[in-house]
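# Results of the structural survey
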Amino acid sequence: MTTWNSSTLSDLFVSITPYSSEADVESKVIVPLLRILGYSARDWREQFTIGKVKLDFLVHPKEAALPYPPYLVIEAKAASKNISHFGWQISGYMRKSGAVMGLLTNGYQFRLFYHYEGKIEPVVEYSQAQLIEEFNRFYKLLCKETCLKAIDALYKKHQQFHIQFGTVISKAFANQAMLGLFKKKNPPSPGEDINQVEASLVEPESTTPVQKSKEGKSMIITVFNNKGGVGKTTMTINLAAALNQLGKRVLLIDIDAQANLTTGLGIDPLDDIELQGKKDITHLLTEPKTKLEDTIVRKRWKAIDIELDIVPSHIRLSQMENQLMQTVDSDRLLTKKLKNHGYDFVFIDPPPSFGKVNRISLMASSGILVPTQLSPYPVRALEYVLEQAYQLKEYREDNLPILGIAVSMYDERSSTFNLSMVERIYEIFQKNPEGEEIKLFPEKTWIPRLNVVSKCPDWGYPLYQVEFEPQLSQHDKQTAQNAIDRYRELAKHLIATIDERGES
Ligand SMILES: Nc1ncnc2c1ncn2[C@@H]1O[C@H](COP(=O)(O)OP(=O)(O)OP(=O)(O)O)[C@@H](O)[C@H]1O
Ligand SMILES: [Mg+2]
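Report on the accompanying structure. (Residues numbered from 1 in each chain as written. Chains lettered and ligands numbered in written order. Predicted model: local features only at pLDDT ≥ 70, side-chain atom pairs only at ≥ 80, totals over all residues.)

Turning our eyes to something else, we now look at the site of ligand 1. In the neighbourhood of ligand 1, 20 residues make up the surrounding shell, with Lys232, Thr233, Thr234, Pro352 and Ser454 lying closest. Within the residue set of the shell around ligand 1, elements represented by two or more residues are helix H8 (232-245) and helix H17 (451-459). Residue classes in the shell around ligand 1 are distributed as 8 nonpolar, 9 polar and 3 charged. (Near = placed C-beta within 6 Å. Helix = DSSP H or I, 4+ residues; strand = E, 2+ residues; numbered from the N terminus. Nonpolar A, V, L, I, M, F, W, Y, C, P; charged D, E, K, R; others polar.)

As C-alpha coordinates, this is what we get:
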(Lines give C-alpha, C1' and ligand atoms only; values in the text may rest on other atoms or scores of the structure.)
(Ligands and ions follow the chains in the order given, each with its own letter.)
Protein backbone atom coordinates (compact mmCIF):
# COMPACT_ATOMS: atom_id res chain seq x y z
CA MET A 1 0.00 0.00 0.00
CA THR A 2 1.41 3.34 -1.04
CA THR A 3 1.35 6.05 1.57
CA TRP A 4 0.13 9.53 0.77
CA ASN A 5 -1.41 12.47 2.52
CA SER A 6 -2.84 15.79 1.48
CA SER A 7 0.55 17.48 1.58
CA THR A 8 1.96 14.89 -0.89
CA LEU A 9 -0.69 15.96 -3.37
CA SER A 10 -0.32 19.69 -2.61
CA ASP A 11 3.45 19.44 -3.18
CA LEU A 12 2.77 17.78 -6.47
CA PHE A 13 0.31 20.43 -7.63
CA VAL A 14 2.65 23.29 -6.69
CA SER A 15 4.87 22.26 -9.58
CA ILE A 16 2.09 23.10 -12.07
CA THR A 17 1.65 26.67 -13.36
CA PRO A 18 -0.68 28.05 -16.03
CA TYR A 19 2.28 27.82 -18.42
CA SER A 20 3.03 24.14 -17.80
CA SER A 21 3.27 22.15 -21.01
CA GLU A 22 1.67 18.79 -21.70
CA ALA A 23 5.04 17.13 -20.97
CA ASP A 24 5.15 18.93 -17.58
CA VAL A 25 1.70 17.64 -16.70
CA GLU A 26 2.81 14.13 -17.65
CA SER A 27 6.03 14.09 -15.66
CA LYS A 28 5.06 16.30 -12.70
CA VAL A 29 1.49 15.18 -12.10
CA ILE A 30 0.60 11.94 -13.88
CA VAL A 31 3.73 9.89 -13.16
CA PRO A 32 3.83 10.79 -9.42
CA LEU A 33 0.06 10.20 -9.21
CA LEU A 34 0.46 6.73 -10.74
CA ARG A 35 3.10 5.94 -8.16
CA ILE A 36 0.81 7.08 -5.35
CA LEU A 37 -1.83 4.75 -6.81
CA GLY A 38 0.58 1.86 -6.30
CA TYR A 39 1.83 1.37 -9.85
CA SER A 40 5.47 0.96 -10.74
CA ALA A 41 7.04 2.09 -14.02
CA ARG A 42 6.59 -1.43 -15.45
CA ASP A 43 2.82 -1.11 -15.10
CA TRP A 44 2.28 1.61 -17.65
CA ARG A 45 3.35 2.48 -21.18
CA GLU A 46 3.80 6.05 -22.40
CA GLN A 47 2.99 7.18 -25.92
CA PHE A 48 1.47 3.80 -26.69
CA THR A 49 0.32 3.47 -30.30
CA ILE A 50 -2.89 1.69 -31.28
CA GLY A 51 -3.48 1.95 -35.02
CA LYS A 52 -3.14 5.63 -35.83
CA VAL A 53 -3.68 6.95 -32.32
CA LYS A 54 -1.11 7.52 -29.63
CA LEU A 55 -2.19 7.20 -26.00
CA ASP A 56 -0.29 9.32 -23.50
CA PHE A 57 -0.50 6.60 -20.84
CA LEU A 58 -1.82 3.05 -21.01
CA VAL A 59 -1.95 1.49 -17.54
CA HIS A 60 -2.08 -2.28 -17.35
CA PRO A 61 0.19 -4.30 -15.02
CA LYS A 62 1.87 -7.35 -16.53
CA GLU A 63 0.57 -9.61 -13.75
CA ALA A 64 -3.07 -8.81 -14.60
CA ALA A 65 -5.06 -11.99 -15.29
CA LEU A 66 -5.80 -10.91 -18.85
CA PRO A 67 -3.39 -9.14 -21.20
CA TYR A 68 -6.32 -7.14 -22.59
CA PRO A 69 -8.27 -4.84 -22.18
CA PRO A 70 -6.20 -2.22 -20.33
CA TYR A 71 -7.66 -0.88 -17.12
CA LEU A 72 -6.84 2.77 -17.53
CA VAL A 73 -5.82 5.24 -20.23
CA ILE A 74 -4.72 8.76 -19.39
CA GLU A 75 -4.71 11.74 -21.69
CA ALA A 76 -2.66 14.75 -20.63
CA LYS A 77 -3.16 18.31 -21.82
CA ALA A 78 -1.14 21.48 -21.30
CA ALA A 79 -2.28 23.51 -18.28
CA SER A 80 -3.68 26.27 -20.51
CA LYS A 81 -6.07 23.87 -22.32
CA ASN A 82 -9.73 23.52 -21.36
CA ILE A 83 -10.28 19.79 -20.86
CA SER A 84 -14.01 20.09 -21.65
CA HIS A 85 -12.97 20.34 -25.28
CA PHE A 86 -11.20 16.96 -25.28
CA GLY A 87 -13.83 14.55 -23.98
CA TRP A 88 -14.30 13.25 -27.53
CA GLN A 89 -10.58 12.46 -27.74
CA ILE A 90 -10.29 10.32 -24.61
CA SER A 91 -13.61 8.63 -25.43
CA GLY A 92 -12.14 7.64 -28.81
CA TYR A 93 -9.00 6.32 -27.12
CA MET A 94 -11.02 4.31 -24.63
CA ARG A 95 -13.16 2.85 -27.37
CA LYS A 96 -10.11 1.95 -29.47
CA SER A 97 -8.18 0.39 -26.58
CA GLY A 98 -11.19 -1.10 -24.79
CA ALA A 99 -9.95 0.54 -21.56
CA VAL A 100 -12.26 0.32 -18.57
CA MET A 101 -11.40 3.73 -17.09
CA GLY A 102 -10.12 6.98 -18.59
CA LEU A 103 -8.54 10.04 -16.99
CA LEU A 104 -8.26 13.40 -18.74
CA THR A 105 -6.23 16.11 -17.04
CA ASN A 106 -4.45 19.41 -17.58
CA GLY A 107 -2.94 19.31 -14.11
CA TYR A 108 -5.71 21.53 -12.72
CA GLN A 109 -8.81 19.58 -13.68
CA PHE A 110 -9.18 15.81 -13.45
CA ARG A 111 -12.08 14.25 -15.34
CA LEU A 112 -12.80 10.53 -15.01
CA PHE A 113 -14.56 8.40 -17.62
CA TYR A 114 -16.04 4.91 -17.43
CA HIS A 115 -16.47 2.50 -20.34
CA TYR A 116 -19.50 0.26 -20.04
CA GLU A 117 -20.96 -1.90 -22.79
CA GLY A 118 -19.67 0.32 -25.58
CA LYS A 119 -20.76 3.56 -23.88
CA ILE A 120 -18.28 5.98 -22.43
CA GLU A 121 -19.60 8.25 -19.71
CA PRO A 122 -17.88 10.99 -17.71
CA VAL A 123 -18.10 9.98 -14.05
CA VAL A 124 -16.77 12.90 -12.09
CA GLU A 125 -14.56 15.97 -12.39
CA TYR A 126 -12.27 17.25 -9.66
CA SER A 127 -10.34 20.47 -9.23
CA GLN A 128 -6.98 20.15 -7.45
CA ALA A 129 -8.59 21.08 -4.12
CA GLN A 130 -11.44 18.60 -4.61
CA LEU A 131 -9.03 15.86 -5.58
CA ILE A 132 -7.08 16.40 -2.35
CA GLU A 133 -10.35 16.35 -0.44
CA GLU A 134 -11.76 13.27 -2.16
CA PHE A 135 -8.58 11.40 -2.82
CA ASN A 136 -9.71 8.32 -0.91
CA ARG A 137 -12.44 7.70 -3.46
CA PHE A 138 -10.19 8.45 -6.40
CA TYR A 139 -7.60 6.07 -4.95
CA LYS A 140 -10.06 3.22 -4.44
CA LEU A 141 -11.22 3.46 -8.01
CA LEU A 142 -7.89 3.73 -9.77
CA CYS A 143 -5.29 2.06 -7.54
CA LYS A 144 -3.38 -0.99 -8.70
CA GLU A 145 -5.21 -3.33 -6.34
CA THR A 146 -8.58 -2.35 -7.80
CA CYS A 147 -7.16 -2.60 -11.30
CA LEU A 148 -5.98 -6.20 -10.70
CA LYS A 149 -9.30 -7.15 -9.10
CA ALA A 150 -11.30 -5.70 -11.98
CA ILE A 151 -9.24 -7.55 -14.58
CA ASP A 152 -9.56 -10.68 -12.48
CA ALA A 153 -13.35 -10.37 -12.56
CA LEU A 154 -13.20 -9.96 -16.34
CA TYR A 155 -11.01 -13.06 -16.54
CA LYS A 156 -13.62 -15.11 -14.67
CA LYS A 157 -16.39 -13.85 -16.95
CA HIS A 158 -14.21 -14.66 -19.91
CA GLN A 159 -13.61 -18.20 -18.65
CA GLN A 160 -17.29 -18.81 -18.05
CA PHE A 161 -18.16 -17.48 -21.48
CA HIS A 162 -15.68 -19.85 -23.11
CA ILE A 163 -16.96 -22.78 -21.12
CA GLN A 164 -20.56 -22.08 -22.10
CA PHE A 165 -19.65 -21.34 -25.68
CA GLY A 166 -17.49 -24.47 -25.78
CA THR A 167 -20.45 -26.53 -24.55
CA VAL A 168 -22.66 -25.12 -27.30
CA ILE A 169 -20.05 -25.89 -29.94
CA SER A 170 -19.27 -29.35 -28.67
CA LYS A 171 -22.99 -30.23 -28.53
CA ALA A 172 -23.51 -28.96 -32.06
CA PHE A 173 -20.61 -31.01 -33.38
CA ALA A 174 -20.92 -33.95 -31.00
CA ASN A 175 -19.96 -36.53 -33.56
CA GLN A 176 -17.03 -34.74 -35.05
CA ALA A 177 -13.46 -34.40 -33.89
CA MET A 178 -12.79 -31.23 -31.90
CA LEU A 179 -10.03 -29.25 -33.51
CA GLY A 180 -8.95 -26.79 -30.89
CA LEU A 181 -10.71 -27.08 -27.55
CA PHE A 182 -9.01 -29.28 -25.00
CA LYS A 183 -6.60 -30.65 -27.57
CA LYS A 184 -3.13 -31.43 -26.44
CA LYS A 185 -0.13 -29.62 -27.81
CA ASN A 186 1.39 -30.78 -31.05
CA PRO A 187 4.19 -33.24 -30.56
CA PRO A 188 7.55 -31.94 -31.70
CA SER A 189 7.94 -32.16 -35.45
CA PRO A 190 10.31 -34.88 -36.75
CA GLY A 191 13.91 -33.89 -36.31
CA GLU A 192 13.06 -31.33 -33.64
CA ASP A 193 15.26 -31.83 -30.62
CA ILE A 194 12.99 -32.14 -27.57
CA ASN A 195 15.78 -31.31 -25.19
CA GLN A 196 16.39 -28.09 -27.04
CA VAL A 197 12.72 -27.18 -26.94
CA GLU A 198 12.77 -27.97 -23.24
CA ALA A 199 15.94 -25.99 -22.65
CA SER A 200 14.46 -22.93 -24.30
CA LEU A 201 11.53 -23.10 -21.90
CA VAL A 202 13.73 -22.97 -18.82
CA GLU A 203 13.67 -19.59 -17.16
CA PRO A 204 16.99 -17.85 -17.87
CA GLU A 205 17.70 -17.28 -14.19
CA SER A 206 17.30 -20.92 -13.21
CA THR A 207 20.71 -21.77 -11.82
CA THR A 208 21.48 -24.62 -9.47
CA PRO A 209 18.59 -24.51 -7.00
CA VAL A 210 20.74 -24.83 -3.90
CA GLN A 211 22.65 -21.72 -4.87
CA LYS A 212 19.54 -19.70 -5.48
CA SER A 213 18.90 -17.01 -2.95
CA LYS A 214 15.48 -16.98 -1.42
CA GLU A 215 13.25 -14.47 -3.17
CA GLY A 216 9.56 -13.80 -3.69
CA LYS A 217 6.86 -15.16 -1.46
CA SER A 218 7.26 -18.16 0.79
CA MET A 219 4.33 -20.50 1.24
CA ILE A 220 3.37 -23.58 3.22
CA ILE A 221 0.78 -25.38 1.14
CA THR A 222 -1.37 -28.35 2.05
CA VAL A 223 -2.31 -30.34 -1.02
CA PHE A 224 -5.77 -31.10 0.21
CA ASN A 225 -8.63 -33.27 -0.91
CA ASN A 226 -10.23 -35.82 1.37
CA LYS A 227 -11.29 -37.90 -1.63
CA GLY A 228 -8.77 -40.71 -2.03
CA GLY A 229 -6.72 -41.32 -5.13
CA VAL A 230 -7.31 -38.02 -6.92
CA GLY A 231 -3.60 -37.56 -7.60
CA LYS A 232 -2.52 -35.46 -4.61
CA THR A 233 0.79 -37.20 -4.05
CA THR A 234 1.73 -37.46 -7.72
CA MET A 235 0.94 -33.79 -8.24
CA THR A 236 2.89 -32.80 -5.12
CA ILE A 237 6.01 -34.61 -6.29
CA ASN A 238 6.00 -33.34 -9.86
CA LEU A 239 4.90 -29.82 -9.03
CA ALA A 240 7.72 -29.66 -6.48
CA ALA A 241 10.18 -30.85 -9.14
CA ALA A 242 8.91 -28.24 -11.60
CA LEU A 243 9.24 -25.47 -9.00
CA ASN A 244 12.76 -26.60 -8.18
CA GLN A 245 13.67 -26.48 -11.86
CA LEU A 246 12.38 -22.91 -11.88
CA GLY A 247 14.87 -22.15 -9.13
CA LYS A 248 12.65 -22.53 -6.06
CA ARG A 249 13.75 -24.32 -2.90
CA VAL A 250 11.17 -26.88 -1.94
CA LEU A 251 10.49 -29.01 1.14
CA LEU A 252 8.00 -31.89 0.98
CA ILE A 253 6.37 -33.16 4.15
CA ASP A 254 4.79 -36.60 3.98
CA ILE A 255 2.15 -36.69 6.68
CA ASP A 256 0.30 -39.71 5.30
CA ALA A 257 0.89 -43.13 6.94
CA GLN A 258 0.71 -44.69 3.46
CA ALA A 259 4.09 -42.95 2.88
CA ASN A 260 3.44 -42.77 -0.88
CA LEU A 261 5.34 -39.54 -1.23
CA THR A 262 8.31 -40.97 0.63
CA THR A 263 8.50 -44.17 -1.41
CA GLY A 264 7.56 -42.28 -4.59
CA LEU A 265 10.81 -40.39 -4.19
CA GLY A 266 12.86 -43.52 -3.68
CA ILE A 267 13.08 -43.46 0.12
CA ASP A 268 12.27 -46.65 2.04
CA PRO A 269 10.81 -45.61 5.44
CA LEU A 270 12.25 -48.73 7.09
CA ASP A 271 15.61 -49.38 5.37
CA ASP A 272 16.60 -45.78 4.68
CA ILE A 273 15.19 -44.11 7.78
CA GLU A 274 14.24 -46.28 10.73
CA LEU A 275 17.07 -48.81 10.47
CA GLN A 276 19.55 -45.96 9.94
CA GLY A 277 18.43 -44.41 13.24
CA LYS A 278 16.98 -41.36 11.46
CA LYS A 279 13.83 -39.50 12.43
CA ASP A 280 10.63 -39.09 10.47
CA ILE A 281 7.32 -37.23 10.61
CA THR A 282 6.15 -39.20 13.69
CA HIS A 283 9.05 -37.77 15.71
CA LEU A 284 8.47 -34.29 14.38
CA LEU A 285 4.80 -34.37 15.38
CA THR A 286 5.20 -35.79 18.86
CA GLU A 287 8.61 -34.79 20.22
CA PRO A 288 8.82 -31.11 21.09
CA LYS A 289 12.62 -31.29 20.98
CA THR A 290 12.90 -32.77 17.49
CA LYS A 291 13.63 -29.97 15.07
CA LEU A 292 12.61 -29.79 11.42
CA GLU A 293 16.21 -30.22 10.23
CA ASP A 294 16.56 -33.44 12.28
CA THR A 295 13.99 -35.09 10.03
CA ILE A 296 14.96 -33.90 6.56
CA VAL A 297 16.30 -36.22 3.86
CA ARG A 298 17.80 -34.53 0.81
CA LYS A 299 17.28 -36.17 -2.59
CA ARG A 300 19.17 -35.01 -5.61
CA TRP A 301 18.76 -36.19 -9.20
CA LYS A 302 21.90 -34.97 -10.87
CA ALA A 303 20.97 -35.62 -14.49
CA ILE A 304 17.91 -33.39 -14.30
CA ASP A 305 19.41 -31.00 -11.77
CA ILE A 306 16.58 -31.34 -9.28
CA GLU A 307 16.97 -31.31 -5.54
CA LEU A 308 14.15 -31.81 -3.05
CA ASP A 309 14.13 -31.99 0.72
CA ILE A 310 11.70 -34.46 2.28
CA VAL A 311 10.37 -35.20 5.74
CA PRO A 312 9.56 -38.91 5.33
CA SER A 313 6.56 -40.67 6.75
CA HIS A 314 6.13 -44.09 8.38
CA ILE A 315 3.27 -46.57 8.71
CA ARG A 316 3.56 -45.99 12.48
CA LEU A 317 1.71 -42.73 11.94
CA SER A 318 -1.52 -44.66 11.37
CA GLN A 319 -1.56 -45.75 15.03
CA MET A 320 -0.80 -42.35 16.45
CA GLU A 321 -4.14 -40.60 16.21
CA ASN A 322 -4.75 -41.09 19.98
CA GLN A 323 -1.26 -40.01 20.93
CA LEU A 324 -1.65 -36.90 18.78
CA MET A 325 -4.98 -36.14 20.42
CA GLN A 326 -3.25 -36.24 23.82
CA THR A 327 -0.17 -34.26 22.79
CA VAL A 328 -0.43 -30.75 24.20
CA ASP A 329 -1.08 -28.20 21.49
CA SER A 330 -0.54 -30.83 18.79
CA ASP A 331 -2.49 -28.72 16.28
CA ARG A 332 0.18 -26.08 16.48
CA LEU A 333 3.30 -28.17 16.93
CA LEU A 334 4.01 -28.41 13.20
CA THR A 335 3.34 -24.69 12.83
CA LYS A 336 6.01 -24.01 15.45
CA LYS A 337 8.50 -26.41 13.86
CA LEU A 338 8.06 -24.73 10.47
CA LYS A 339 8.80 -21.25 11.74
CA ASN A 340 11.75 -19.73 9.83
CA HIS A 341 11.96 -22.77 7.56
CA GLY A 342 13.85 -20.91 4.81
CA TYR A 343 12.21 -22.63 1.81
CA ASP A 344 10.34 -20.93 -1.00
CA PHE A 345 7.69 -23.64 -0.90
CA VAL A 346 6.75 -26.25 1.68
CA PHE A 347 4.19 -28.80 0.49
CA ILE A 348 2.37 -31.02 2.96
CA ASP A 349 0.86 -34.21 1.56
CA PRO A 350 -1.85 -35.50 3.92
CA PRO A 351 -3.95 -38.67 3.78
CA PRO A 352 -7.38 -38.75 2.15
CA SER A 353 -9.46 -38.07 5.25
CA PHE A 354 -10.39 -35.24 7.52
CA GLY A 355 -8.69 -36.56 10.65
CA LYS A 356 -6.17 -35.19 13.07
CA VAL A 357 -3.18 -35.03 10.73
CA ASN A 358 -5.18 -33.15 8.13
CA ARG A 359 -6.11 -30.62 10.81
CA ILE A 360 -2.45 -30.32 11.83
CA SER A 361 -1.42 -29.78 8.19
CA LEU A 362 -4.03 -27.15 7.53
CA MET A 363 -3.26 -25.31 10.75
CA ALA A 364 0.41 -25.14 9.76
CA SER A 365 -0.33 -23.93 6.23
CA SER A 366 -0.59 -20.54 4.62
CA GLY A 367 -2.55 -21.83 1.62
CA ILE A 368 -4.43 -24.80 0.23
CA LEU A 369 -4.10 -26.35 -3.20
CA VAL A 370 -6.94 -28.66 -4.17
CA PRO A 371 -6.25 -31.25 -6.85
CA THR A 372 -9.22 -32.87 -8.49
CA GLN A 373 -9.95 -35.24 -11.31
CA LEU A 374 -12.53 -34.19 -13.85
CA SER A 375 -14.93 -37.01 -13.06
CA PRO A 376 -18.23 -37.12 -11.16
CA TYR A 377 -17.19 -38.43 -7.72
CA PRO A 378 -14.12 -36.24 -7.24
CA VAL A 379 -16.00 -33.21 -8.55
CA ARG A 380 -18.89 -33.93 -6.19
CA ALA A 381 -16.40 -34.31 -3.32
CA LEU A 382 -15.10 -30.81 -4.04
CA GLU A 383 -18.16 -29.27 -2.45
CA TYR A 384 -17.30 -30.89 0.86
CA VAL A 385 -13.59 -30.13 0.53
CA LEU A 386 -14.27 -26.43 0.01
CA GLU A 387 -16.73 -26.42 2.89
CA GLN A 388 -14.16 -28.02 5.20
CA ALA A 389 -11.56 -25.48 4.20
CA TYR A 390 -14.03 -22.70 4.84
CA GLN A 391 -15.02 -24.05 8.28
CA LEU A 392 -11.40 -24.24 9.36
CA LYS A 393 -11.44 -20.46 9.55
CA GLU A 394 -13.09 -20.73 12.93
CA TYR A 395 -9.95 -22.25 14.40
CA ARG A 396 -7.50 -19.85 12.86
CA GLU A 397 -6.86 -16.22 13.56
CA ASP A 398 -5.71 -15.52 10.02
CA ASN A 399 -6.98 -16.30 6.55
CA LEU A 400 -6.28 -19.65 4.89
CA PRO A 401 -6.74 -19.04 1.17
CA ILE A 402 -7.58 -21.72 -1.35
CA LEU A 403 -4.96 -20.94 -3.96
CA GLY A 404 -6.85 -22.83 -6.62
CA ILE A 405 -8.30 -26.04 -7.96
CA ALA A 406 -5.73 -27.94 -10.01
CA VAL A 407 -6.86 -30.65 -12.42
CA SER A 408 -4.83 -33.77 -11.77
CA MET A 409 -5.78 -36.57 -14.20
CA TYR A 410 -8.00 -35.65 -17.07
CA ASP A 411 -8.85 -37.50 -20.21
CA GLU A 412 -7.64 -35.46 -23.14
CA ARG A 413 -10.04 -37.17 -25.52
CA SER A 414 -13.26 -36.38 -23.66
CA SER A 415 -13.65 -32.69 -24.35
CA THR A 416 -17.45 -32.58 -24.03
CA PHE A 417 -17.35 -34.49 -20.78
CA ASN A 418 -14.57 -32.31 -19.41
CA LEU A 419 -16.58 -29.21 -20.19
CA SER A 420 -19.58 -30.55 -18.32
CA MET A 421 -17.37 -31.29 -15.29
CA VAL A 422 -15.93 -27.77 -15.40
CA GLU A 423 -19.47 -26.40 -15.46
CA ARG A 424 -20.26 -28.41 -12.33
CA ILE A 425 -17.17 -27.06 -10.61
CA TYR A 426 -18.39 -23.53 -11.30
CA GLU A 427 -21.78 -24.43 -9.85
CA ILE A 428 -20.01 -25.63 -6.70
CA PHE A 429 -18.08 -22.35 -6.47
CA GLN A 430 -21.40 -20.53 -6.56
CA LYS A 431 -22.63 -22.44 -3.51
CA ASN A 432 -19.56 -21.66 -1.38
CA PRO A 433 -19.57 -18.43 0.65
CA GLU A 434 -16.10 -17.69 -0.69
CA GLY A 435 -16.65 -19.23 -4.12
CA GLU A 436 -16.08 -15.87 -5.79
CA GLU A 437 -12.48 -16.01 -4.62
CA ILE A 438 -11.75 -19.58 -5.70
CA LYS A 439 -10.28 -20.26 -9.11
CA LEU A 440 -10.05 -23.26 -11.33
CA PHE A 441 -6.53 -23.21 -12.70
CA PRO A 442 -6.43 -22.70 -16.49
CA GLU A 443 -6.44 -25.55 -18.95
CA LYS A 444 -2.77 -25.23 -19.84
CA THR A 445 -1.98 -26.41 -16.27
CA TRP A 446 -4.21 -29.50 -16.35
CA ILE A 447 -2.33 -32.77 -15.99
CA PRO A 448 -3.45 -35.49 -18.41
CA ARG A 449 -3.94 -39.07 -17.34
CA LEU A 450 -0.92 -40.89 -18.75
CA ASN A 451 0.45 -44.37 -18.13
CA VAL A 452 3.95 -43.05 -17.93
CA VAL A 453 3.01 -40.77 -14.98
CA SER A 454 1.65 -43.71 -13.01
CA LYS A 455 4.88 -45.67 -13.47
CA CYS A 456 7.14 -43.11 -11.78
CA PRO A 457 6.32 -44.01 -8.14
CA ASP A 458 7.70 -47.50 -8.77
CA TRP A 459 10.92 -46.05 -10.04
CA GLY A 460 11.11 -43.60 -7.14
CA TYR A 461 11.70 -40.33 -8.95
CA PRO A 462 9.86 -37.31 -10.43
CA LEU A 463 8.60 -37.50 -13.99
CA TYR A 464 11.47 -35.32 -15.25
CA GLN A 465 13.82 -38.26 -14.78
CA VAL A 466 12.02 -40.54 -17.29
CA GLU A 467 14.18 -39.05 -20.02
CA PHE A 468 16.92 -41.33 -18.61
CA GLU A 469 14.76 -44.42 -18.03
CA PRO A 470 16.07 -47.37 -20.08
CA GLN A 471 12.75 -49.25 -19.84
CA LEU A 472 10.86 -46.55 -21.73
CA SER A 473 10.40 -46.14 -25.46
CA GLN A 474 11.07 -42.85 -27.22
CA HIS A 475 7.32 -42.49 -27.69
CA ASP A 476 6.69 -42.81 -23.94
CA LYS A 477 9.36 -40.22 -23.28
CA GLN A 478 7.72 -37.81 -25.67
CA THR A 479 4.37 -38.40 -24.01
CA ALA A 480 5.95 -37.72 -20.62
CA GLN A 481 7.21 -34.45 -22.00
CA ASN A 482 3.62 -33.35 -22.52
CA ALA A 483 2.89 -33.87 -18.83
CA ILE A 484 6.19 -32.23 -17.80
CA ASP A 485 5.19 -29.12 -19.75
CA ARG A 486 1.90 -29.08 -17.87
CA TYR A 487 3.60 -29.39 -14.48
CA ARG A 488 5.86 -26.51 -15.45
CA GLU A 489 2.82 -24.41 -16.39
CA LEU A 490 1.20 -25.39 -13.11
CA ALA A 491 4.31 -24.30 -11.21
CA LYS A 492 4.44 -20.96 -13.03
CA HIS A 493 0.76 -20.41 -12.47
CA LEU A 494 1.08 -21.14 -8.77
CA ILE A 495 3.95 -18.67 -8.44
CA ALA A 496 1.95 -16.02 -10.30
CA THR A 497 -1.15 -16.68 -8.18
CA ILE A 498 0.81 -16.25 -4.98
CA ASP A 499 2.52 -13.10 -6.22
CA GLU A 500 -0.81 -11.65 -7.31
CA ARG A 501 -2.52 -12.38 -4.02
CA GLY A 502 0.42 -11.02 -2.10
CA GLU A 503 0.29 -14.04 0.20
CA SER A 504 3.21 -14.95 2.35
N1 LIG B 1 -1.54 -37.92 -14.33
C2 LIG B 1 -1.68 -39.20 -14.04
N3 LIG B 1 -1.81 -40.13 -15.01
C4 LIG B 1 -1.96 -41.44 -14.71
N5 LIG B 1 -1.98 -41.92 -13.46
C6 LIG B 1 -1.86 -41.04 -12.45
C7 LIG B 1 -1.70 -39.65 -12.68
N8 LIG B 1 -1.63 -39.02 -11.48
C9 LIG B 1 -1.71 -39.99 -10.54
N10 LIG B 1 -1.86 -41.20 -11.12
C11 LIG B 1 -2.02 -42.49 -10.45
O12 LIG B 1 -3.26 -42.47 -9.74
C13 LIG B 1 -3.15 -43.16 -8.51
C14 LIG B 1 -3.51 -42.21 -7.37
O15 LIG B 1 -2.57 -41.15 -7.37
P16 LIG B 1 -1.98 -40.53 -6.05
O17 LIG B 1 -1.43 -41.58 -5.16
O18 LIG B 1 -1.10 -39.42 -6.44
O19 LIG B 1 -3.33 -39.99 -5.43
P20 LIG B 1 -3.58 -39.47 -3.95
O21 LIG B 1 -4.71 -38.50 -4.03
O22 LIG B 1 -2.35 -39.01 -3.31
O23 LIG B 1 -4.06 -40.79 -3.25
P24 LIG B 1 -4.35 -40.97 -1.68
O25 LIG B 1 -5.67 -40.30 -1.47
O26 LIG B 1 -4.39 -42.44 -1.47
O27 LIG B 1 -3.25 -40.29 -0.95
C28 LIG B 1 -1.71 -43.65 -8.44
O29 LIG B 1 -1.67 -44.97 -8.88
C30 LIG B 1 -0.96 -42.75 -9.41
O31 LIG B 1 0.16 -43.39 -9.98
MG1 LIG C 1 -1.48 -39.54 -1.48
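What follows is about the sheet that holds strand E10 (residues 306-311). Strand order in the open sheet made by the 7 strands is E9-E10-E8-E11-E7-E12-E13, with mixed pairing throughout. The sheet is open, and its two borders are formed by strand E9 (297-301) and strand E13 (402-407), each paired with just one other strand. Ignoring strand direction, the axes of neighbouring strands in this sheet form an average angle of 25°. Pairing of strand E7 (residues 219-223) with strand E12 (residues 367-372) involves 3 bridges; the strand directions are parallel. Pairing of Val223 across the sheet is with Leu369, part of E12. In the packing of helix H14 (residues 356-364) onto the sheet, the strands contacted are E7, strand E11 (345-349) and E12, and the crossing angle to E7 comes to about 150°. (Pairing = 2+ DSSP bridges. Axes fitted to C-alpha atoms, helices over the stretch in contact; angles between N-to-C directions. Contact = placed C-beta atoms within 7 Å.)

As a further point, take unusual backbone geometry. Backbone geometry at Ala259 places phi at a positive 55°, although glycine is not the residue there. For Ala259, the location among the structural elements is in the loop between strand E8 (250-254) and helix H9 (260-264). On the neighbour-count criterion, Ala259 (26 C-beta atoms within 10 Å) is buried. Although it is not a glycine, Asn340 sits at a positive phi angle of roughly 55°. Here Asn340 shows up in the loop between helix H13 (330-337) and E11. On the basis of neighbour counts, which here come to 5 C-beta atoms within 10 Å, the residue Asn340 falls in the exposed class. (Buried ≥ 20, exposed ≤ 12 C-beta atoms within 10 Å, placed from the backbone.)

This part is about the packing of H8 against helix H18 (residues 474-501). One way to put it is that H8 packs onto H18 with a least axis distance of 8 Å and a crossing angle of 70°. Here H8 lies roughly perpendicular to H18, going by the angle between them. Only Tyr487, Arg488, Leu490 and Ala491 of H18 make contact with H8, whose side of the interface consists of Asn238, Leu239, Ala242 and Leu243. Taken together, the residues that form the contact of H8 with H18 break down as 6 nonpolar, 1 polar and 1 charged. (Parallel < 35°, antiparallel > 145°, perpendicular 65-115°, else oblique.)

A few words now on the packing of helix H15 (residues 376-391) against helix H16 (residues 415-431). One way to put it is that H15 packs onto H16 with a least axis distance of 10 Å and a crossing angle of 20°. On the basis of their axis angle, the class for H15 and H16 is roughly parallel. Judged by the sense of rotation from one axis to the other, the crossing of H15 with H16 is right-handed. Between H15 and H16, the residues in contact are Val379, Leu382, Glu383 and Leu386 and Met421, Arg424, Ile425, Ile428 and Lys431, respectively. (Left-handed = near helix turned anticlockwise from the far one by under 90°.)

Fair warning: the whole summary comes from geometry, so function is off the table for now.
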